[in-house]
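Architecture at a glance
Letter by letter, the chains look like this.
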Amino acid sequence: MVRNEKGDRRERELVNRLDEAGFAVMRAPASGSATTRDLPDVLAGDGTVFYAVEAKSSAGDPIYLTGEEVEALVYFSQHFGARPKIGVRFDREDWYFFHPSDLYVTDGGNYRVKKETALDDGDTIAELKAAGESDDDGADVEGVLQAVAQGVLSVEEAAEMLT
C-alpha cells in the first residue's frame, strides 16, 4: 500500500471516531504536501473545547514527528484558538493523544512516542470529550508551561495562549 494511502485512511478513521464521540470534525484537505501552509490533519470541537490534531500512525514502534511539524501545530493552534494534540495510533490499538509538551524530545529536536507510552499515558477520545465537559484548563496550562521550558513556545506566545 502506498504510504499516503494508509495515512489518509487513518485520518479518515480518526475523523469518524471523533464524530461518533460527538465532536464536529473535519479533516484538513490541505494538510501535508497539498499546500505550503502549515495546517493540522484534523480539527475537532464540541462548542466548548477545540482541538487541532496532527495524526500519526505506525505498524511498528516508535512514531516520530519533526520539530517543524510540532512547531507548526502549536503555531496554528495558538492562532486558531484550539488545543494542540498529537494523535497516535499503533496497529491493533486505539487512538491516543498528547499535548506536544508531553512528548519525548530527541537530541536532534524531533519528537517521539513509543507504543507503551501511548498506552500508559495517552488520552483517549473519551478523555478529550470529558476535558471539554469539565472545562478544566489546568492540564493545558501545565502543557503550555512545559512547551516554554522545552523551547517550543516563547514566553510571549505562552502568555497569549493563556489569556
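Look up a bit, the structure's there.
Because the structure is predicted, anything quoted here is derived from the model rather than measured.

So, the environment of Val 70
Topologically, Val 70 is positioned in helix H2 (residues 67-80). Residue Val 70 is classed as buried on the basis of its relative accessible area of 0%. Sequence-wise, Val 70 and Pro 100 are 30 residues apart; in three dimensions their C-alpha atoms are separated by 6.7 Å. Filtering out sequence-adjacent residues up to four positions away, Val 70 remains in contact with Leu 65, Ile 86, Pro 100 and Tyr 111.

What about the packing of aromatic side chains?
Counted according to the given criterion, the structure contains 2 aromatic pairs. Residues Phe 23 and Tyr 51 carry aromatic rings whose centres are separated by 6.0 Å and whose planes lie at 70° to one another, so their mutual orientation is edge-to-face. In this pair, Phe 23 sits in the loop between helix H1 (3-20) and strand S1 (24-27) while Tyr 51 sits in strand S3 (residues 50-58), placing the two residues 28 residues apart along the sequence. Residue Tyr 51 is classed as buried on the basis of its relative accessible area of 2%. Aromatic pair Phe 76 and Phe 80: ring centres 5.2 Å apart, planes at 20°, arrangement stacked.

The rules behind each value
- Residues numbered from 1 in each chain as written.
- Predicted model: local features only at pLDDT ≥ 70, side-chain atom pairs only at ≥ 80, totals over all residues.
- Heavy atoms only, no water.
- Helix = DSSP H or I, 4+ residues; strand = E, 2+ residues; numbered from the N terminus.
- Buried < 20%, exposed > 50% of the residue type's maximum accessible area, 1.4 Å probe, protein only.
- Contact = heavy atoms within 4.5 Å.
- Phe/Tyr/Trp six-rings, centres within 6.5 Å; stacked < 30°, edge-to-face > 60°.

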